[in-house]
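# Per-entry structural report
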Amino acid sequence: MPKNSKVVKRELDDEVIESVKDLLSNEDSVDDAFKKSELIVDIQEEKDLEVEEGSEAEDERPAWNSKLQYILAQVGFSVGLGNVWRFPYLCQKNGGGAYLLPYLILLLVIGIPLFFLELSVGQRIRRGSIGVWNYISPKLGGIGFASCVVCYFVALYYNVIIGWTLFYFSQSFQQPLPWDQCPLVKNASHTLIEPECEKSSATTYYWYREALNISSSISESGGLNWKMTVCLLAAWVMVCLAMIKGIQSSGKIMYFSSLFPYVVLICFLTRALLLNGSTDGIRHMFTPKLEIMLEPKVWREAATQVFFALGLGFGGVIAFSSYNKRDNNCHFDAVLVSFINFFTSVLATLVVFAVLGFKANVVNEKCIAQNSEMIIKFLKMGNISQDIIPHHINLSSITAEDYHLVYDIIQKVKEEEFLVLHLNSCQIKDELNKAVQGTGLAFIAFTEAMTHFPASPFWSVMFFLMLINLGLGSMFGTIEGIITPIVDTFKVRKEILTVICCLLAFSIGLIFVQRSGNYFVTMFDDYSATLPLLIVVILENIAVSFVYGIDKFIEDLKDMLGFAPSRYYYYMWKYISPLMLLSLLIASIVNMGLSPPGYNAWIEDKASEEFLNYPTWGMIVCISLMVLAILPVPVVFIVRRCNLIDDSSGNLASVTYKRGRVLKEPVNLEGDDASLIHGKISSEMSSPNFGKNIYRKQSGSPTLDTAPNGRYGIGYLMADMPDMPDMPESDL
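Nothing here was measured: the structure is a model prediction, and the numbers come from that model.

This next bit is on the overall build of the chain. Each helix and strand counted, the chain has 28 helices and eight strands in total. Considering the chain as a whole, with its 732 residues, one finds that 55% of them fall into the buried category. Within the chain, contacts between residues separated by at least 24 positions form 77% of all contacts whose residues are at least 6 apart in sequence. With an accessible surface of roughly 32200 Å², the chain has 61% of that area assigned to carbon and sulfur atoms.

Have a look at this one:
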């Protein structure tokens, strides 16, 4: 409710009472009784309105303690693991520094407008995703249910990743770190290095064998991994305790979970810049490859990253904004959070490539040392003549520049026999070009780099604590996108629903902590979210721009914000964003069709990954995930379009949202102007069609709390004007 609206409301009513007095003063004295009774009615109505407004002020819906807490919640939800282990990979893969340009363009075209749209509808209607889309168009109410289903699918496997991070965090309090060296195994005669580890690397072996104890295919369950089962339970307990009181409990945790990652990133960047080779990584990262920008794939991947980075379609954005005051400047919030997200991605990219540059330098030094030893052997064996080696070069302590000089000389002299020598060029850029993302970056590449840090356990603890906080911030928004709509719609107790939701999620999540669980995480990540979320956001855009009406929505925003949003958003919402989203959907479907459905399995004997196709039952699960996620949209549309469920039966089809409460719409209710006189408060009434009555906005008056039909309108007063034609009301 806008500030001081109660005072303004009383002033408006006082004006009405004074005008009544003026009119009645011209009447005969025989009408004194009528005057008194009429004034009594007006005074009583004013009291009723004050009581009603007081009840609104004391609405049971919680609110953010401060604007900072709300911003941190939105930042914590949007800034997640993807900013650390997805954005740097895409930046490296798609043109380095040149990738930032298409990303920024698509952030302005898709990201900010759609983020602003979700913030606006959540704040205006003050409901979760189910309530918002039921309100805007009951036939499209399935959008909210689909959003909840997708949120739940994502929460199932996202918390498993937090469980993995908890495991690594718990193992980081050791010196040396447990993934620093390959383990030794004993046989009958002597001790040797674990063959699987020797073929791969210490960090790779620890991830696949010690942490996941992974099986060789998705069909081999292998039973539960008890270490990861305990970590998953701990992750769900943390989420449950943080969310059990809604934003009253999670909001306080946001101060730490949202700010701590920035402290760690800045510390990592400062430390990494002091290490040898870090500038090589940053230089490699931001060297632009402009020709790559012309490829459609780059723009598709940038659009997808923008889409998921801001959490569009999940319902968390709507849920968080629904706890705001209605006059909050959500346009400022949308721009601020979007750019904080972008700069966080750039900061994380700097950190990642500074650390990877240091790691590449360490690996390169080992490569040069090993190959120099091979050259010395070839010199002793006579395979290479000593005469071709420059006299100033000492192969026992050779620099990178001298090694590359010797390598080039040998390559030219031994042109035909060079391949037989198996010498490596040992270029830092070759190491940096190895594209690593996701779990491979966090649990293999980054952990290996940290083993070379001075005081490596400290940095490992900080890194995984940062990942835990990033993951929890996103989980809070994801769970809020499930809990808030259900509580608003079905009026269940939040505490009970949160506990049930987390218990059920943990039970289902046990499939992710089998030995084959990592393959199911990949399956859910690929198929349960991407296409369904795209469809959800497209339908959200269509619902607001074409079903509700973009002009009416702009008017609502003008009334809510106190100023008209830029005309830029009008064209984005009505034309550009829908076209871009449809193009992205088509491109994603084509890409999914061209890419064989499968996963990378870890083969123990080869100590390497191998791409395998999903079995038949796996394909059925993949398709089922996509269908189940989007199924509520057509189901709710058909049910409400065909009136398959009786409106009076108390089902979802008859639910309307009024005054923060769910009320059932009375059936066959006809308009009755007299009901306004007989002491009924307008918000207690249903939504009848009042003949010639219109909702007239008072010039110069701020927004009133609700329209007379009880819905959150843009502030209209009822006036009985039989000579005026019907005018449309604003649904928001």
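Having seen it, we continue.
Glancing now at a nonpolar patch on the surface. Where nonpolar side chains cluster on the molecular surface, the patch consists of Ile623, Val627, Leu628, Leu631 and Val635 and spans about 400 Å² of accessible area. With respect to the helices and strands, the residue isoleucine 623 is situated in helix α26 (residues 616-630). What makes isoleucine 623 partly exposed here is its relative accessible area of 45%.

What follows covers the state of the cysteines. Here a disulfide denotes one covalent bond, and it connects the sulfur atoms of two cysteines. Taken as a whole and assessed by the stated rule, the structure comprises two disulfides. Between the sulfur of cysteine 182 and that of cysteine 197 lies a disulfide, 1.9 Å long from S to S. For the disulfide bridge between cysteine 182 and cysteine 197, the dihedral angle about the S-S bond is near -80°, and by the sign convention the bridge is left-handed. Linking cysteine 182 in the loop between α8 (142-171) and β1 (184-186) with cysteine 197 in helix α9 (residues 195-199), this pair joins segments that are 15 residues apart in sequence.

Our next topic: the UniProt feature "binding site: Na(+)" (unreviewed entry) in the chain. Annotation from UniProt places "binding site: Na(+)" (unreviewed entry) at Gly76, Val79, Asn83, Asn341, Leu470 and Ser474. These annotated residues cover 399 residues of sequence, and their C-alpha atoms lie no more than 12.5 Å from one another, placing them together at a single site. Here asparagine 341 shows up in helix α16 (residues 330-381). Asparagine 341 sits in the buried class, given a relative accessible area of 1%. Not counting chain neighbours up to four residues away, the residues in contact with asparagine 341 comprise Ser78, Val79, Asn83, Tyr103, Ala309 and Leu310. When you line up the elements, serine 474 lands in helix α21 (residues 456-490).

Turning to the pattern of salt bridges, a few remarks are in order. Across all of its chains, the model carries 12 salt bridges by this definition. Across the pair glutamate 555 and lysine 558 runs a salt bridge, and its minimum N-O distance is 3.2 Å. Remark: lysine 558 and glutamate 555 occur in helix α24 (residues 530-561); sequence separation between them is three residues, near one turn of the helix. Judged by relative accessible area, which is 38%, glutamate 555 ranks as partly exposed.

Across its 52 residues, α16 extends 75 Å between first and last C-alpha, which sits within 8% of the 76 Å expected from 1.5 Å per residue. Backbone nitrogen of histidine 331 and a side-chain oxygen of the N-cap are separated by 3.3 Å at the start of α16; the cap is asparagine 329.

Here serine 372 is to be found in helix α16. Within the structure, serine 372 has its side chain in polar contact with the backbone oxygen of isoleucine 368 (distance 2.7 Å). Sequence-distant contacts of serine 372, defined by excluding residues within four places in its chain, comprise Leu395, Ile398 and Tyr403.

Next up on the list: the packing of aromatic side chains. Considering all chains together, one arrives at 54 aromatic pairs under this definition. Residues phenylalanine 167 and tyrosine 206 carry aromatic rings whose centres are separated by 6.4 Å and whose planes lie at 25° to one another, so their mutual orientation is stacked. One end of the pair, phenylalanine 167, is in helix α8; the other, tyrosine 206, is in helix α10 (residues 202-211), with 39 residues separating them in the sequence. Relative accessible area serves as the criterion here: at 5%, phenylalanine 167 is assigned to the buried category.

We now examine the nonpolar core. Membership of the largest hydrophobic core comes to 187 residues, with the highest contact counts inside it found for Trp133, Trp236 and Phe268. Per-element accounting of this core gives the leading share, 18 residues, to α8. What tryptophan 133 contacts, discounting residues up to four positions off in sequence, is Leu117, Val121, Pro138, Leu140, Gly141, Ile143, Gly144, Ile318, Glu540, Ala543 and Val544. Judged by nonpolar contacts, the second largest core, of 19 residues, contains Ile368, Leu379, Ile393 and Tyr403.

This part takes up α10. Burial analysis of α10 places nine of its 10 residues in the buried class, the great majority of the element. Listed in full, the buried residues belonging to α10 are Ala202, Thr203, Thr204, Tyr205, Tyr206, Trp207, Tyr208, Arg209 and Ala211. For α10, the elements touching its buried residues are α8, α9, α11 (226-243), α20 (438-451), β3 (598-603) and β4 (608-613). Two residues or fewer past α10, asparagine 213 is found with a positive phi of approximately 45°.

Between α16 and α20, whose axes approach to 8 Å, the crossing angle comes to 60°. Taken together, the axis directions place α16 and α20 in an arrangement best described as oblique. Once α16 is placed against α20, the crossing between them reads as left-handed. Packed against α16, whose contacting residues are Val351, Val352, Val355, Leu356, Phe358, Lys359 and Val363, the element α20 presents Leu441, Ala445, Phe446, Glu448 and Ala449 at the interface. Looking at the contact of α16 with α20 residue by residue, the class counts come to 10 nonpolar, no polar and two charged.

This next bit is on the pairing of β4. Both β3 and β4 contribute to a ladder of six bridges, which runs antiparallel. Pairing of isoleucine 603 across the sheet is with serine 608, part of β4.

As a further point, take the environment of serine 474. Overall, serine 474 belongs to the buried group, its relative accessible area being 6%. Distance from serine 474 to serine 258, taken between C-alpha atoms, is 9.7 Å for residues 216 residues apart in sequence. If we ignore the near neighbours within four places in the chain, the residues touching serine 474 are Gly76, Phe77, Val79, Gly80 and Tyr158. Of note is the side chain of serine 474, whose polar atom sits 3.3 Å from the backbone oxygen of phenylalanine 77.

Criteria and cut-off values
For every chain, the first residue of the written sequence is number 1, and numbering continues from 1 along that sequence. Predicted model: local features are reported for residues with pLDDT of at least 70 only, side-chain atom pairs are reported and counted for 80 or more only, and whole-chain, interface and lining totals are derived from all residues. Hydrogens and water molecules were not included; the side-chain quantities draw on all heavy atoms of the structure. A run of H or I in DSSP becomes a helix once it reaches four residues, and a run of E becomes a strand once it reaches two; helices and strands are each numbered from the N terminus. Burial classes: relative accessible area under 20% of the type maximum marks a residue as buried, over 50% as exposed, and values in between as partly exposed (1.4 Å probe, protein chains only). In this analysis, two residues are considered to be in contact whenever any of their non-hydrogen atoms come within 4.5 Å of each other. Note on areas: Shrake-Rupley with a 1.4 Å probe; residue coverage comes only from the protein chains shown. Like-charged residues are merged into a patch within 9 Å and nonpolar side chains (Val, Leu, Ile, Met, Phe, Trp, Tyr) within 5 Å, provided each residue has over 30% relative accessible area and no salt bridge. For this document, the term salt bridge refers to a Lys or Arg side-chain nitrogen within 4 Å of an Asp or Glu carboxyl oxygen. Cysteine sulfurs are considered disulfide-paired once they come within 2.5 Å of each other. UniProt positions are given in the numbering used here, feature names are shortened, and annotations may be inferred rather than shown by experiment. To estimate the expected span of a helix, subtract one from its residue number and multiply by 1.5 Å. Each polar contact in these results corresponds to two N or O atoms within 3.5 Å; when the atoms are within protein, one needs to be able to donate a hydrogen and the other to accept it, and residues that are neighboring in sequence are counted only if both atoms are side-chain atoms. Note on aromatic pairs: the rings of Phe, Tyr and Trp (six-membered ring only in Trp) are paired at centre separations within 6.5 Å, and the planes decide the class, stacked below 30 degrees, edge-to-face beyond 60, tilted for the rest. Each nonpolar core is a collection of buried residues, namely Ala, Val, Leu, Ile, Met, Phe, Trp, Tyr and Cys, held together in the definition by side-chain atoms within 4.5 Å. Axes here mean lines fitted to C-alpha atoms, for a helix over just the part in contact, with angles spanning 0 to 180 degrees between N-to-C directions. With respect to orientation, any angle under 35 degrees is reported as roughly parallel, any angle over 145 as roughly antiparallel, any angle of 65 to 115 as roughly perpendicular, and every other angle as oblique. Crossing handedness is read from the near helix: turned anticlockwise from the far helix by less than a right angle, it gives a left-handed crossing, and turned clockwise, a right-handed one. Here the term charged refers only to Asp, Glu, Lys and Arg, the term nonpolar to Ala, Val, Leu, Ile, Met, Phe, Trp, Tyr, Cys and Pro, and the term polar to all other amino acids, Gly among them. Following DSSP output, two strands are said to pair if at least two bridges run between them.

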